[in-house]
Amino acid sequence: MWRLRTSRTKIPLRNQHFNKKSISTKTSTTTSTTEDEDPSDPTKKLCKLILSSPRCGLESALDASHIKVSPATAESVLTHLSNAGIQSYRFFEWASKQHAFPSHTVRAHHSVIDSLARVRQYALMWGVVDRMRDARLLTVETFCAIMRRYARAGRPDEAVYAFNVMGKYGVDPNEAAFNGLLSALCKAKHAWRAQEIFDSAKSRFAVDAKTYSILIEGWGRVPNLVKAREMFDEMVQSGCEPDIVTYGIMVDALCKAGRIGDALGVVRDMGSKNCRPTSFIYSVLVHAHGVEGRVEDAVDTFLEMERSGIVADVAVYNALIGAFCRASRFGNAFKVLEEMEKRGVDRGRRNEEAFKVFRRMIRRCEPDSDTYTMMIKMFCGKGELGMAMKVWKYMGLKRFAPSMHTFSVLIKGLCEAGEARRAAVLMEEMLEKGIQPHGTTFGRLRQLLLKEGREDVVEFLSEKMKTVIKDPLWD
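Please read all numbers here as calculations on a predicted model, not as lab measurements.

Caption draft 1: Geometry of the overall build of the protein. Broken down by element type, the protein carries 25 helices and zero strands. Taking all 475 residues of the protein together, 53% fall into the buried category. Sequence-distant contacts, at least 24 apart, represent 63% of the contacts inside the protein between residues at least 6 apart. Surface exposure of the protein reaches about 22,300 Å², of which carbon and sulfur atoms provide 49%.

Printed below as a string of structure tokens:
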């Protein structure tokens, strides 16, 4: 049974006088409000409440809000707060106990399973799975989601276990589930394990082009181009004709390995088989040229694509903008962005000038969490903490719950700039959300705090981290 404490004995760091250089501006993403926020929107109100409430008072705050929650609203909240971990689970539990609340949707269950797995609360996660079984809501996608999270957490054995127990939960481990397991392992760079499973179990399933493509992509991620090519050849010999997805994967793997010439050879081979390259393949080639600093080749590839009658999409434009930004040709990046706007295409990228591109990008579409994290990492890497904090603040305004990686990137940047107080406050906020930091992240902050003689803060954070690990539902 999970034990809920009723009080906390230590004062949060954000309420302490840290030092003479203490910065009064709070770094939390959870307290700002947007000017255009619709007060009648229950999803926005609940997201704001959940993100801003202390863990000890969430249920009380939800009760006091008197917001009537429908299954659709609960699903929307849980989908939006996928990084909120234990807070998401608490809201899930609270909503299910409300008067006249029928039941959570399948998608809501999947969202809370994902949230719990992100913070490695697997016992609670399987408890949700048991409830889904009782309600006959389990699907193949439920287990695919679990397999993905286990694989990403470096637990391939548990991913395989999730596949193996599907039958006990009344779900048929079919070809989609088999491909889901292989995909989860390959995307987490466990290609050897995926290959072993494929070799031992392929006779039990109707293996198709998608299955082979998953393995080819997995070997490309490792990278092991020899094994990728072996799987490509086996695919052809087995009678599976490579499709546009397979070719795209091969081009991507070769480009990531710096073998652009070989990638162009694959593209020529596609032409001989009347298989026309897609915008994705062109985006990969443009990006690869940009990474190599071959901006003119990137532009030529883009123009070749247009001459072939293929319409540029967001990925191609982003690759071209990235190539210009890497070469510090921000004027060209702006011209590409303007061209995107003329054609009604979304998105942009990179430093003070790149932030302007970013701001124009967010007027065209809604960035995802990875985009925010990428921008924060880029600015921290360049020592532009002010710009990084602007992105962080904007992320909070849009009610995006930061992930462990987002917190870690910003904490690292603050530590490197000697901003111990702000880094410590962020670390506390991270732990408050039930997110366990990497040891390297905590170790970096610990060294900085000890250097400044703040053993008391190190002790405070160490105790809080122990509590999160041992008892994620502490109050």
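Caption draft 2: Representation of the layout of surface pockets within the structure. Taken as a whole, the largest pocket spans an internal volume of roughly 900 Å³. Lining the largest pocket we find 28 residues, and of these Arg-118, Arg-149, Ser-403, Met-404 and His-405 sit closest to its centre. Put simply, the parts of the chain that give the lining of the largest pocket at least two residues each are α5 (106-118), α7 (140-152), α20 (369-381) and α22 (404-416). Residue classes in the lining of the largest pocket are distributed as 10 nonpolar, 11 polar and seven charged.

Caption draft 3: Structural detail: the nonpolar core. One finds Phe-91, Met-125, Trp-126 and Val-251 to be the most contacted residues of the largest nonpolar core, which totals 95 residues. Setting aside chain neighbours within four positions, we find Met-125 in contact with Ile-113, Leu-116, Ala-117, Ile-146 and Tyr-150.

Caption draft 4: Structural detail: the pattern of salt bridges. All chains considered together, the criterion is met by 21 salt bridges. Between Arg-193 and Asp-157 there is a salt bridge, with its nearest N and O atoms 2.5 Å apart. Here Arg-193, found in helix α10 (residues 191-201), pairs with Asp-157, found in helix α8 (residues 156-164); they are 36 residues apart in sequence, far enough to count as distant. A salt bridge links Glu-432 to Lys-464; the nearest nitrogen and oxygen atoms lie 3.2 Å apart. Separated by 32 residues along the polypeptide, Glu-432 in helix α23 (residues 420-432) and Lys-464 in helix α25 (residues 455-470) bring together distant segments of the chain. Exposure class is identical for Glu-432 and Lys-464. Each is buried. Taken together, the shared-partner salt bridges connect Asp-114, Arg-118 and Arg-149 into one network.

Caption draft 5: Up close: the UniProt feature "repeat: PPR" (unreviewed entry) in the protein. UniProt marks residues 139-173, 208-242, 243-277, 278-312, 313-347, 368-402 and 403-437 with the feature "repeat: PPR" (unreviewed entry), using the numbering shown here. Each end of residues 208-242 is marked by a C-alpha atom, and these two atoms are 10 Å apart; helix forms 74% of the span and strand 0%. Secondary structure across residues 278-312 comprises 74% helix and 0% strand; the distance between its end C-alpha atoms is 10 Å.

Caption draft 6: Looking closely at the packing of helix α1 (residues 42-52) against helix α2 (residues 58-65). Packing of α1 against α2 leaves a shortest axis separation of 9 Å and a crossing angle of 150°. Considering the angle they form, α1 stands roughly antiparallel to α2. Handedness of the crossing formed by α1 with α2: right-handed. Contacts between α1 and α2 pair Leu-46, Leu-49 and Ile-50 from the former with Leu-58, Ala-61, Leu-62 and Ser-65 from the latter. When grouped by side-chain class, the residues that make up the contact of α1 with α2 number six nonpolar, one polar and no charged.

Caption draft 7: Here's a closer look at the side chain of Thr-142. Summarising the element assignment, Thr-142 is placed in helix α7. For Thr-142, a relative accessible area of 0% translates into the label buried.

Caption draft 8: Spotlight on the side chain of Thr-73. Looking at the element boundaries, Thr-73 is found in helix α3 (residues 71-80). Note on Thr-73: relative accessible area 11%, which makes it buried. For Thr-73, the side chain forms a polar contact with the side chain of Ser-70, separated by 3.0 Å. When neighbours within four sequence positions are excluded, Thr-73 is seen to be in contact with Pro-42, Thr-43 and Leu-46.

Caption draft 9: Up close: helix α24 (residues 439-451). The end-to-end C-alpha separation of α24 is 18 Å, in line with the 18 Å expected for 13 residues at 1.5 Å each. Where α24 is concerned, the buried positions are Thr-441, Phe-442, Leu-445, Leu-448 and Leu-449. Along the axis of α24, the buried residues cluster in a sector spanning 125°; they form a single face. Every exposed residue of α24 that faces more than 90 degrees away from the buried side is listed here: Gly-439, Thr-440, Gln-447 and Lys-451. Backbone geometry just downstream of α24 places Gly-453 in the positive-phi region, at approximately 75°.

Caption draft 10: Region of interest: the packing of helix α11 (residues 209-221) against helix α13 (residues 244-256). Packing of α11 against α13 leaves a shortest axis separation of 9 Å and a crossing angle of 5°. The angle between the axes of α11 and α13 places the two elements in the roughly parallel class. Side by side, α11 and α13 meet where Ala-209, Ser-213, Ile-216, Glu-217 and Gly-220 of the first sit next to Thr-246, Ile-249, Met-250 and Ala-253 of the second. The class makeup of the residues in the contact of α11 with α13 is five nonpolar, three polar and one charged.

Analysis parameters
- Counting restarts for each chain, with residues numbered from 1 along the sequence as it is written.
- Only residues with pLDDT of at least 70 get local features here, since the model is predicted, and only at 80 or more are side-chain atom pairs given and counted; chain-wide, interface and lining totals rely on the full set of residues.
- Based on all heavy atoms of the structure, the side-chain values leave hydrogens and waters out of the count.
- By the criteria applied, helices consist of DSSP H or I runs no shorter than four residues and strands consist of E runs no shorter than two, each listed in order from the N terminus.
- Note on exposure labels: buried denotes an accessible area under 20% of the residue type's maximum, exposed denotes more than 50%, and partly exposed covers the range between, all computed with a 1.4 Å probe on protein chains only.
- Throughout, a contact is declared for two residues whenever any of their heavy atoms are within 4.5 Å.
- Values of accessible area rely on a 1.4 Å probe in the Shrake-Rupley scheme; residue burial ignores everything except the protein chains shown.
- Method remark: on a 1 Å grid restricted to protein atoms, a set of points is classed as a cavity if a 1.4 Å probe fits but cannot get out and as a pocket if it is open with protein on both sides within 12 Å along at least five of seven lines; lining residues have an atom within 4 Å of a point.
- Grid points are joined across faces, edges and corners, and a volume is the space filled by probe spheres set on the points.
- Each residue is assigned to one class: nonpolar for Ala, Val, Leu, Ile, Met, Phe, Trp, Tyr, Cys and Pro, charged for Asp, Glu, Lys and Arg, and polar for all the others, Gly among them.
- Buried residues of nine kinds, namely Ala, Val, Leu, Ile, Met, Phe, Trp, Tyr and Cys, make up a nonpolar core once their side-chain atoms join them within 4.5 Å.
- In the sections that follow, a salt bridge refers to a side-chain nitrogen of Lys or Arg positioned within 4 Å of a carboxyl oxygen of Asp or Glu.
- UniProt positions are given in the numbering used here, feature names are shortened, and annotations may be inferred rather than shown by experiment.
- Between N-to-C directions, angles cover 0 to 180 degrees, with each direction set by a line fitted to C-alpha atoms, over the stretch in contact for helices.
- Angle categories: roughly parallel below 35 degrees, roughly antiparallel above 145, roughly perpendicular from 65 to 115, and oblique for all the rest.
- Crossing handedness follows the turn of the near helix against the far one: under a right angle anticlockwise gives a left-handed crossing, and clockwise gives a right-handed one.
- We define a polar contact as two N or O atoms separated by no more than 3.5 Å, with the added condition that, inside protein, one atom must be a possible hydrogen donor and the other a possible acceptor, whereas residues neighbouring each other in sequence contribute only through side-chain atom pairs.
- One fewer than the residue count of a helix, multiplied by 1.5 Å, yields its expected span.
- Regarding the arc, it is the one traced by the directions from the helix axis to the C-beta atoms.

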